Every structure is written in C-alpha cells, then in structure tokens.
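# Architecture at a glance
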Number of protein chains: 2
Amino acid sequence: MHSPKRMLFLDLVLSVFRLNGLLIAEGDAMTEKLGLTSARWKVIGVIALSNAGLTVPGIARVLGQSRQAVQRITDVMVSDGLLSYQRNPQHKRSVLVTLTEEGKSAYNALREVQDPWAVENTEDIPIDELDVALRLVRRLINKFDK
Amino acid sequence: MHSPKRMLFLDLVLSVFRLNGLLIAEGDAMTEKLGLTSARWKVIGVIALSNAGLTVPGIARVLGQSRQAVQRITDVMVSDGLLSYQRNPQHKRSVLVTLTEEGKSAYNALREVQDPWAVENTEDIPIDELDVALRLVRRLINKFDK
DNA sequence: CAGTTTATGCCAGCATGTTGTCATTTGACT
DNA sequence: AGTCAAATGACAACATGCTGGCATAAACTG
C-alpha cells in the first residue's frame, strides 16, 4: 500500500482546497474596486455567457451550487441594480435573470482586470501543462458530478 | 488576444471552483458515518501529521485559513471529545491542540474510507497526469500565497 | 384528462469562512 | 532594561454556502 498514486491524489485534493481559497482571495482583491465579490462575479460571468438570460435554478446548475444560495445573491444584486428579473415566457413563476446596463459595465470592467491577470499568471507555464491539468480536473468533476 | 493560454487558464480557475465544491461534498458523504464534516477532518488530518501537537494559528497556517475559523472548529471538537488542549511549554497563552483517543480513532476510521476512495478514483488516470496537475497546482499556490 | 412526480419560490436554521477590533503576551531590537 | 511590532485569544458582524420544509406551478404518465 501507500501507492504513490494514492499519495499523489490525496495531495492533489488538499492542494485543490488550498488553491480554491487563494483563487477566491485573488478574485476578491482584483474586483474590490468594482464593488464585486467572488459570489457576484461568478453569477455575472454565467449570465454574460448566456444569450437570453437564465433562471435562478439554471445558474445554480451551471455553478454547481444550490438554487437557494444563488437566489439570495441574485436578490441582493437586483437591489443593487446589477441584475434585473424578466418575465419568462416559458415559465409562469421562474423569472429570467439578466444583466442591467450597470451589470454589463461591471462585466466589462471585470474582464479588463481579469484578462491581464490571467496572462500574467500563465507567462511561465507551458500550455501543455495547463491542458493536462484542465483535462484532469474536468475528468474528476465528471466522476464526482453524478 | 483571446490567447488559448488565457482561455485555458480561466477555464481551469472555474473548474477548480467546481471541483472544490464536489470534493467537499464527496468528503462529507464519505465521513458522514464517522460524525465528521469536511472542516473537521481537515483539522484532524493536520494534527495527525504533526508530532507534538500544533497551536490554533499553526493549524490555520497549514490550512491557509484564518485562525478564527480554526479556533471555532477546535473549540467545538474539544467539546465533542475529539481534541484536547494541552499546556504549551513554549507559550503561556497559546495552547497545543492534540488528538484524544477518540480523535485518533476518528483519524484511523477516516483513513480506512479515504484510502479506498483515493484508489478507486485514480484507477484510470495515468500517474504522469496526476503528477503534472499536482505540480501545476502547487506552482499556482506558491504564486498566490505571498 | 386525472393523478403523480418534478421543479421552483420562499422561509428558516445552521456550518463554515472572512474581516475587524481590542487586550495581552511574545519576541526582537536598540 | 525598555520599547515597539508581531502573534494570539476572544468576541462580533457579516458573506457564502448547505439542508429541510412547505406551497404552488409545470411536466410527465397512465
């Protein structure tokens, strides 16, 4: 026992926990001036990538979170003017969440800080390694996301 | 612009968020019968790997969390009999956190479910990929952990 | 079409994490 | 020794996530 594979894997798991925390801290620091937090730019990002808007449970499914958690964030963001709820022709109760003009500006501002950050942090990393890592992470996600 | 590297990286970041959530859910499900939660087995794991016990801020540094968060968890775990506080010869106020017998049993039980889980989830993954991914994740951790 | 299952909104309670503040102890430097 | 900065404990406020329960709307099924 104590196969190197097992040790590698457990080490990877702990490292993912650690990296997750650091990435959230990075994101929060990066978007502080924009008045965003990690929970908010995650939501903005998901909506921006959709065309016609998404329902709250839909956003939750994309992010892999509970609909209740997303609902609370979107409620606050609507109050803050970043999002708005639109009537959903497909569903009487479940409204569509869309970006307001302010929300769109926030998304653009987000990209303006995020892109240089991404470039800066990958300068010295070979693209093959990024590719292998991403595919491995995706593989694990599929394994656990059942 | 839209360099593939940048897209890969941002994709990796989002995937790490997702995987983090799934891993916590996996861990919680796995240790449910043991009466543990993710926050608790993280702490137990760190203490078990140390010899003479650790202080609360020491655990926090290892986990990359705030000492307050760790303090609250350890307080509850002491109440529950998993941990105990020991006088610290090196410090008048900052006590050492150690595993009780019950805590040690919990750690052993944890390993008994964790090891097969690790083996099972790496069966079809080449060791080189695990290695590349782990090194990349560590590299990012070092980059952000300043 | 009627009945059942699933999806959604809403509310509550709780776990886990963060930051901030203040007092006290440690430790390091002159 | 004296001073000052860093570390620690304790407490509070808050953000983010989870689950559970309940009512209603939608979707499915016979």
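This text gives an overview of the structure that appears in the document. Predicted model only: the values in this text are computed from it and were never measured.

## Some points on the protein's contact with DNA strand C
Near DNA strand C you find 23 residues, and of these Arg67(A), Thr37(B), Arg72(B), Lys92(B) and Arg93(B) are the closest. Backbone atoms, meaning sugar and phosphate, form 58% of the atoms of DNA strand C found within 4 Å of the protein. Between DNA strand C and Gln68(B), the relevant distance is 2.9 Å, taken from a base oxygen to a side-chain nitrogen or oxygen of the residue. Every element with two or more residues in the surface near DNA strand C is listed here: helix H3 (56-63) and helix H4 (67-79) of chain A together with helix H2 (38-49) and helix H4 (67-79) of chain B. Element by element, the count of residues in the surface near DNA strand C is highest for H4(B), at four residues. Within the surface near DNA strand C, the residues separate by chemical class into six nonpolar, ten polar and seven charged.

## Concerning the interface of chain A and chain B
In this complex, chain A contributes 54 residues to the contact, which on the side of chain B involves 54 residues. In total, chain A and chain B occlude about 5,700 Å² of area from one another, counting both sides; carbon and sulfur atoms represent 72% of this. If you look at where chain A meets chain B, you find eight salt bridges. Arg138(B) is paired through a salt bridge with Asp11(A); the nearest N and O atoms lie 2.5 Å apart. The interface formed by chain A and chain B holds 14 residue pairs in polar contact (both at pLDDT 80 or more) in total. Elements that contribute at least two residues to the side of chain A that touches chain B include exactly helix H1 (4-30), helix H2 (38-49), H3, helix H5 (101-122) and helix H6 (127-144) of chain A. If you tally residues by element for the side of chain A that touches chain B, the top one is H1(A), at 19 residues.

## Describing the relation of the copies chain A and chain B
Each of the two copies of the chain can be brought onto the other by a rotation about an axis and a shift along it. Mapping chain A onto chain B calls for a screw motion: a turn of 180° about the axis and a shift of 0.0 Å along it, with 0.0 Å RMSD after fitting. Such a turn and shift between the copies fits a two-fold axis. No C-alpha of chain A approaches the rotation axis more nearly than that of Ala133(A), which lies at 2.2 Å. Comparing interface residues between copies, 100% of those in chain A also lie at the interface in chain B; the contact surface is shared.

## Let's talk about the nonpolar core
In this structure, Trp117(A) and Trp117(B) are the most contacted members of the largest nonpolar core, which totals 82 residues. Beyond its immediate sequence surroundings of up to four residues, Trp117(B) is in contact with Phe9(A), Leu10(A), Val13(A), Phe144(A), Leu23(B), Glu26(B) and Met30(B).

## Describing the environment of Val43(B)
Residues and elements named next belong to chain B. You can see Val43 is positioned in helix H2. Counting along the chain gives ten residues from Val43 to Lys33, while the straight-line C-alpha distance between them is 18 Å. Excluding residues that lie within four positions of it along the chain, Val43 makes contacts with Leu63, Ile73, Thr74, Met77 and Leu83.

## Regarding H4(B)
All names here are of chain B. In a regular helix each residue adds 1.5 Å, so 13 residues correspond to 18 Å; H4 covers 18 Å between its end C-alpha atoms and thus fits that length. Residues of H4 that are buried include every one of Val70, Thr74 and Met77, and no others. End-on view of H4: buried residues confined to an arc of 60°, all on one side of the axis. Within H4, the exposed residues directed more than 90 degrees away from the buried face are Gln68, Arg72 and Ser79. Residues of H4 that are buried in the fold lie against H2, helix H3 (56-63), strand S1 (83-86) and strand S2 (96-99).

## Structural notes on the sheet that holds strand S1 (residues 54-55) of chain A
Residue and element names in this part refer to chain A. Overall, antiparallel pairing links the three strands, which are arranged S1-S3-S2 in an open sheet. Strands with a single pairing partner mark the edges of an open sheet, and in this sheet they are S1 and strand S2 (83-86). Note that S1 and strand S3 (residues 96-99) share two bridges and pair antiparallel. Within S3, the residue paired with Leu54 across the bridge is Val97. Contacting S1, S2 and S3, H2 crosses the sheet at an angle of about 95° to S3.

Calculation criteria
- Residues numbered from 1 in each chain as written.
- Chains lettered and ligands numbered in written order.
- Predicted model: local features only at pLDDT ≥ 70, side-chain atom pairs only at ≥ 80, totals over all residues.
- Heavy atoms only, no water.
- Near = heavy atom within 4 Å.
- Polar contact = N/O pair within 3.5 Å; in protein donor to acceptor, adjacent residues only side chain to side chain.
- Helix = DSSP H or I, 4+ residues; strand = E, 2+ residues; numbered from the N terminus.
- Nonpolar A, V, L, I, M, F, W, Y, C, P; charged D, E, K, R; others polar.
- Contact = heavy atoms within 4.5 Å.
- Buried area = accessible area lost by both parts, 1.4 Å probe.
- Salt bridge = Lys/Arg side-chain N within 4 Å of Asp/Glu carboxyl O.
- Least-squares fit on C-alpha atoms with pLDDT ≥ 70 in both.
- Core = buried A, V, L, I, M, F, W, Y, C linked by side-chain atoms within 4.5 Å.
- Buried < 20%, exposed > 50% of the residue type's maximum accessible area, 1.4 Å probe, protein only.
- Expected span 1.5 Å × (residues − 1).
- Arc of directions from axis to C-beta.
- Pairing = 2+ DSSP bridges.
- Axes fitted to C-alpha atoms, helices over the stretch in contact; angles between N-to-C directions.

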